[in-house]
Amino acid sequence: MSISELSYIGDGAEIGKGAVIGDCAYVLSDARIGADAEIGLGAVIGHRAEIGADAAIGNGAFIGIRAAIGDGAEISADAVIHDYGVIGAGAVIGDGVVIGKGARIGANAVIGDGAEIGANAVIGDGAVIGAGARISADAVIGDGAIIGKGAFIGDCAVIDDGAVVNDGAEVG
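Just so we're clear, the structure is a prediction, and the values are computed from it rather than from any experiment. (Residues numbered from 1 in each chain as written. Predicted model: local features only at pLDDT ≥ 70, side-chain atom pairs only at ≥ 80, totals over all residues. Heavy atoms only, no water.)

Chemist: Looking at this structure, I do not really get the overall build of the chain. What am I missing?
Modeler: Broken down by element type, the chain carries zero helices and 29 strands. The C-alpha radius of gyration of the chain comes to 16 Å, within 12% of the 16 Å expected for a compact globule of 172 residues. C-alpha atoms of the chain, sized along the principal axes, occupy 50 × 20 × 20 Å. Out of the 172 residues belonging to the chain, those deemed buried represent 45%. Of the roughly 7,500 Å² that the chain leaves accessible, carbon and sulfur atoms contribute 49%. One finds the centroid of the 8 positive side-chain charges in the chain at a distance of 7 Å from the centroid of its 24 negative side-chain charges. (Helix = DSSP H or I, 4+ residues; strand = E, 2+ residues; numbered from the N terminus. Rg over C-alpha atoms; globule rule 2.2 N^0.38 Å. Buried < 20%, exposed > 50% of the residue type's maximum accessible area, 1.4 Å probe, protein only. Areas by Shrake-Rupley, 256 points an atom, 1.4 Å probe, with all protein chains shown as cover. Lys, Arg positive; Asp, Glu negative; His and termini not counted. Charge placed at Lys NZ, Arg CZ, Asp CG, Glu CD.)

Chemist: What is the right way to look at the environment of Asp-143 in this model?
Modeler: Relative to the elements of secondary structure, Asp-143 occurs in the loop between strand S24 (140-141) and strand S25 (146-147). The spatial distance from the C-alpha of Asp-143 to the C-alpha of Ile-123 is 7.4 Å, given a sequence separation of 20 residues. Ignoring any residue separated from it by four or fewer positions in sequence, one finds Asp-143 in contact with Gly-124, Asp-125, Asp-161 and Gly-162. (Contact = heavy atoms within 4.5 Å.)

Chemist: When you look at a negative patch on the surface in this model, what are you seeing that I'm missing?
Modeler: Taken together, Asp-36, Glu-38, Asp-54 and Asp-71 make up a surface patch of like negative charges. Among the structural elements, Glu-38 can be located in strand S7 (residues 38-39). A relative accessible area of 47% places Glu-38 in the partly exposed class. (Patch = residues over 30% accessible without salt bridge, like charges linked within 9 Å, V, L, I, M, F, W, Y side chains within 5 Å. Salt bridge = Lys/Arg side-chain N within 4 Å of Asp/Glu carboxyl O.)

Chemist: Would you mind going over the sheet that holds strand S3 (residues 14-15) with me for this structure?
Modeler: Note: strands within a sheet are paired through backbone hydrogen bonds, in either parallel or antiparallel orientation. Within the open sheet, the nine strands sit side by side as S3-S6-S9-S12-S15-S18-S21-S24-S27. Their pairing is parallel. The open sheet has two free edges, formed respectively by S3 and strand S27 (158-159), since each of these has just one partner strand. (Pairing = 2+ DSSP bridges.)

Chemist: It is not clear to me how unusual backbone geometry should be interpreted in this structure. Could you clarify?
Modeler: Note on backbone geometry: most residues besides glycine have negative phi, and most peptide bonds are trans. At Asp-78, a residue that is not glycine, the phi angle is positive and equals roughly 60 degrees. With respect to the helices, strands and loops of the structure, Asp-78 is situated in the loop between strand S13 (74-75) and strand S14 (80-81). By relative accessible area, Asp-78 is classed as exposed at 52%. One non-glycine residue, Asn-108, lies in the positive phi region at around 60 degrees. With respect to the helices and strands, the residue Asn-108 is situated in the loop between strand S18 (104-105) and strand S19 (110-111).

Chemist: For this particular structure, what's the right way to read the environment of Ile-153?
Modeler: As for its placement among the helices and strands, Ile-153 is situated in strand S26 (residues 152-153). Ile-153 gets classed as buried once you look at its relative accessible area, which sits at 0%. The sequence separation of Ile-153 and Ile-117 amounts to 36 residues, and the corresponding C-alpha distance is 9.6 Å. Ignoring anything within four residues of it in the chain, the contact list for Ile-153 reads Arg-134, Ile-135, Ser-136, Ala-139, Ile-141, Ile-147, Ile-159, Val-165 and Val-171.

Chemist: Is there a simple way to think about the sheet that holds strand S20 (residues 116-117) in this case?
Modeler: What the 10 strands build is an open sheet, ordered S2-S5-S8-S11-S14-S17-S20-S23-S26-S29; its pairing is parallel. Both outer strands of the open sheet, strand S2 (8-9) and strand S29 (170-171), are each paired with one neighbouring strand and no more. Where strand S23 (residues 134-135) lies against S26, two bridges are found, and the strand directions are parallel. Within S26, the residue paired with Arg-134 across the bridge is Phe-152.

Chemist: It is not clear to me how the side chain of Ser-7 should be interpreted in this structure. Could you clarify?
Modeler: By the element assignment, Ser-7 lies in the loop between strand S1 (2-3) and S2. A polar side-chain atom of Ser-7 sits 2.7 Å from the main-chain carbonyl oxygen of Ser-4. (Polar contact = N/O pair within 3.5 Å; in protein donor to acceptor, adjacent residues only side chain to side chain.)

This is the structure in structure tokens:
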């Protein structure tokens, strides 16, 4: 375990064996950091958030209150996972991505740089969301679906498992 002297660890936070906490990172009270996880420079881990084993949180990323990041997930620099968001095991979240409150990202899903996922949206296992795509609140993207870069998926829209939405398309 390696914790920078320049980081802040709140009361009751649990840091797993082999975890690395970077300079100026904040791990707030009662958060849990799994074994061998890495927390980047200036990242913020919210109250009671859970970071899985071998997960990587990039520099400047923000993980909200009670958010859950699965084992082996990668959250890139400056990404924001709002309160109660859930990121599945092995998922990859790109630079500057914003995941809305209560949204759920499936295992091994990939969210491209700058994409926005609305509150309570559900992204299925293995789905791919292109860079700059916008998925609105309460939308459901099926397992293995591919949403092209810059596409827009409207409120409450449902995209079937394995479906493909082209770059720049608008649905719902």
